[in-house]
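The lines below spell out each chain.
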Amino acid sequence: MPFVRHTDTTQVVPLWIDGQAAPLEASKFIEVYSSAKQQIIHYAQGASEADACKAADAAWNAFLKWKKTRPEFRSEMLLKVADLYEARAGEIARWEVDETSCSETFAQFNIKLAVGIMREFAGALTTALVGDIPPISDGYGFVFKEPVGPVLLIPPWNSSIILSSRGVAAALAAGCTVVMKASELCPRTHSMIVDIWEEAGLPKGCLNQVQAERKDAACVTEALIAHPAIRKVEFIGSAAVGRILGQTCAKHLKPILMELGGKSPAIVLKDANLKAAAEHVAFGVFLHQGQICFSTERIIVEEVISNDFIQALKEEASAKYSGDVGFAVATHITKHAHDIVEEARAAGATFLLGDNSYIGATGASLKPTILTGIKSTDRIRDEETFGPSATLYIVKDADEAVALANDTAYGLSATIHTKDMLQALDMAKNLDYGQVHVNMPTVYDDFSLPVSGVKGSGWGNNNSEYGLREYLYDKTVTLHQHENARASFGH
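Residues numbered from 1 in each chain as written. Predicted model: local features only at pLDDT ≥ 70, side-chain atom pairs only at ≥ 80, totals over all residues. Heavy atoms only, no water.

An unreviewed UniProt entry lists the protein chain under the name Aldehyde dehydrogenase domain-containing protein, with Exophiala xenobiotica as the source organism. In the Sequence similarities (unreviewed entry) part of its UniProt record, the protein chain is described as follows: "Belongs to the aldehyde dehydrogenase family." (UniProt positions renumbered as here; feature names shortened; annotations may be inferred.)

Below is the structure:
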């Protein structure tokens, strides 16, 4: 999807509906701002409720044909899209870096993950579509897997390529069509996905993109959810917004797949490899300025090795995270992260690492920080910072570690660092998290494994056949001889 020029100097990411750019309306332009460069880098066209309905109509009309395409055709297209991602990786990364102020390395990592998940979907599609022939008392019963219909996808700005690409690919692979409500913070990055799918031959109307100004976001989103063509919603974002969307979907009786926030714990047991654990913990806390829902927000350490582990963590942070640690997507993200740490410090928490100070003059970068001495009443106790910070707790044993890890509203990702695999497995079964990893960072994902949240971290699955099934429903068809059917009803 190319920019549309409004003037010689004004480039605008348009709304993309039914395979073409919608007319521009200057009064609804959205400023897309780079926190690293501290300047407006381009604009995006904001949508109205009417625009949203046009996108939903286009998705419905395209769905009537797309759902009939052969699974092998959709698999081949997924593979072609994956190849195009690799061929255009430099261009994709450039826009993600410009709009979200992430590092080039993080952007390329996003692209690599997106390529992998699309190839996984291509291989898993036929398995996900397998139905059943259950025995019934009279005749034959068949259970077919059918696409749910047009999907509203609301991806986030963080990890902007992988999380949007995953949702788009799963829905289209299953035979659904998509209206993607792109983030107003990175609309050009999200538009690259539309551009590449259409380059691969996706029919017009199968993938539509709208974005909205913040003041219009609620009404545009509800217009889409309420539209009769939209059959399911996928949202990745904060628990606060997830609650609102969940209520809106309930009002309109629309199912929703949600991957929300986390307060991910890293548990370090007394027999852990402390150097490796420190490396994984620091990576989980500080990667991408902590702007990942899987980021390590809590570090739970057995008392007997706490001093040694803290020293190892300080050495790891000093070696790898003391210089340029990147930028947040916007200053309000950094301010929230800074304020929540400062509140804890003012209430008596102390710094083990860093001092929560701003780096440079942009207001979009914070010094990596770890605190201890957190009180149960501190906001940071169970609220995501979404910044390069974590809290550290010292416990007596593994049982206390599990109890503390579970003492949260969230349940997305947890890790255990230990050499005792049986103990790790026992602990994992008792941890209330969608995924528990042993001797890895909390920021871990594999294409073939389901990604799911429990409690306040959402519901439903992503990845491989688990994610594909989210966009399929079971259709039961029974066959009966006419005479037998009448007899079964007592005629």
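Another point: the sheet that holds strand β15 (residues 350-353). Strand pairing in a sheet takes place through backbone hydrogen bonds and is either antiparallel or parallel in direction. Ordered in space as β15-β16-β17-β14-β13-β18-β19, the seven strands form an open sheet in which the pairing is mixed. The open sheet has two edge strands with one neighbour each: β15 and β19 (435-438). Strand-to-strand twist across the sheet, computed as the mean angle between neighbouring axes with direction ignored, equals 25 degrees. Here strand β16 (residues 369-372) pairs with strand β17 (residues 389-395) via four bridges, running parallel. (Pairing = 2+ DSSP bridges. Helix = DSSP H or I, 4+ residues; strand = E, 2+ residues; numbered from the N terminus. Axes fitted to C-alpha atoms, helices over the stretch in contact; angles between N-to-C directions.)

The next subject is the domain arrangement of the protein chain. Domain boundaries in the protein chain define domain 1 (4-258 + 457-476) and domain 2 (264-438). Distance between the C-alpha centres of domain 1 and domain 2: 32 Å. Listed by partner, the interface residues are 15 residues for domain 1 and 18 residues for domain 2. On the domain 1 side of the interface with domain 2, the three residues burying the most area are Ser35, Trp157 and Ser457, jointly 38% of the side's total. (Domains from an automatic or database assignment. Contact = heavy atoms within 4.5 Å. Buried area = accessible area lost by both parts, 1.4 Å probe.)

Okay, the sheet that holds strand β5 (residues 29-34) next. Judged by pairing direction, the sheet is mixed, and its four strands sit side by side in the order β1-β2-β6-β5 without closing on themselves. Each edge of the open sheet carries a strand with a single partner, namely β1 (4-5) and β5. Across six bridges, β5 lies against strand β6 (residues 39-45) in antiparallel orientation. Along β6, the bridge assignment pairs tyrosine 33 with isoleucine 40. Across the face of the sheet, helix α3 (residues 89-100) comes into contact with β5 and β6 while running at roughly 110 degrees to β6.

Time to look at helix α6 (residues 187-199). Here α6 is 13 residues long and its end C-alpha atoms lie 18 Å apart, about the 18 Å a rise of 1.5 Å per residue gives. Counting buried positions along α6 yields 10 of 13 residues, so the element is predominantly enclosed. Restricting attention to buried positions, one finds in α6 the residues Pro187, Arg188, Thr189, His190, Ser191, Met192, Ile193, Val194, Ile196 and Trp197. A positive phi of about 110 degrees marks glycine 201, the residue just after α6. (Expected span 1.5 Å × (residues − 1). Buried < 20%, exposed > 50% of the residue type's maximum accessible area, 1.4 Å probe, protein only.)

What follows covers a positive patch on the surface. Side chains of Lys67, Lys68, Arg231 and Lys475 sit close together on the surface and give a patch of like positive charge. With respect to the secondary-structure elements, lysine 475 resides in strand β23 (residues 472-479). (Patch = residues over 30% accessible without salt bridge, like charges linked within 9 Å, V, L, I, M, F, W, Y side chains within 5 Å. Areas by Shrake-Rupley, 256 points an atom, 1.4 Å probe, with all protein chains shown as cover. Salt bridge = Lys/Arg side-chain N within 4 Å of Asp/Glu carboxyl O. Lys, Arg positive; Asp, Glu negative; His and termini not counted. Charge placed at Lys NZ, Arg CZ, Asp CG, Glu CD.)

What follows is about the pairing of strand β18 (residues 413-417). In terms of residue burial, β18 counts as a mostly covered element, since five of its five residues are buried. Residues Ser413, Thr415 and His417 line one face of β18 and the alternating positions Ala414 and Ile416 line the opposite face, and both faces are buried. The pairing of strand β13 (residues 264-268) with β18 spans three bridges and is parallel. Paired with alanine 266 across the strands is threonine 415, a residue of β18.

What follows is about the environment of valine 301. Topologically, valine 301 is positioned in strand β14 (residues 296-302). On a C-alpha basis, the gap between valine 301 and glycine 123 in space is 41 Å, while along the polypeptide they are 178 residues apart. Not counting chain neighbours up to four residues away, the residues in contact with valine 301 comprise Val268, Ser306, Phe309, Leu392, Tyr393, Ile394 and Val395.

One pass over the structure, following the stated rule, counts 24 salt bridges. In this structure, lysine 215 and glutamate 213 form a salt bridge, with 3.8 Å as the shortest nitrogen-oxygen distance. Residue glutamate 213 is classed as buried on the basis of its relative accessible area, which comes to 16%. Given a relative accessible area of 63%, lysine 215 falls into the exposed group. Taken together, the shared-partner salt bridges in this structure form one network comprising Lys28, Glu213, Lys215 and Asp216.

We now examine the packing of aromatic side chains. Within this structure, the stated rule accounts for seven aromatic pairs. Measuring from ring centre to ring centre gives 5.3 Å for phenylalanine 3 and tryptophan 95, while their planes differ by 75 degrees; the resulting arrangement is edge-to-face. Of this pair, phenylalanine 3 sits in the segment before β1 while tryptophan 95 sits in helix α3, placing them 92 residues apart in sequence. Across the pair, tryptophan 95 and phenylalanine 3 agree in class, each one buried. Residues phenylalanine 29 and tyrosine 43 carry aromatic rings whose centres are separated by 6.3 Å and whose planes lie at 40 degrees to one another, so their mutual orientation is tilted. On the criterion of sequence distance, the pair formed by phenylalanine 29 in strand β5 and tyrosine 43 in strand β6 is long-range, its members being 14 residues apart. Taking the relative accessible area as the measure of exposure, tyrosine 43 reaches 24% and is therefore partly exposed. It is arginine 94 that lies over the ring of tryptophan 95; its NZ or CZ is 4.4 Å from the centre. The aromatic ring of tyrosine 471 is capped on one face by lysine 232, whose charged end is 5.8 Å from the ring centroid. (Phe/Tyr/Trp six-rings, centres within 6.5 Å; stacked < 30°, edge-to-face > 60°. Lys NZ or Arg CZ within 6 Å of the ring centre and 35° of its normal.)

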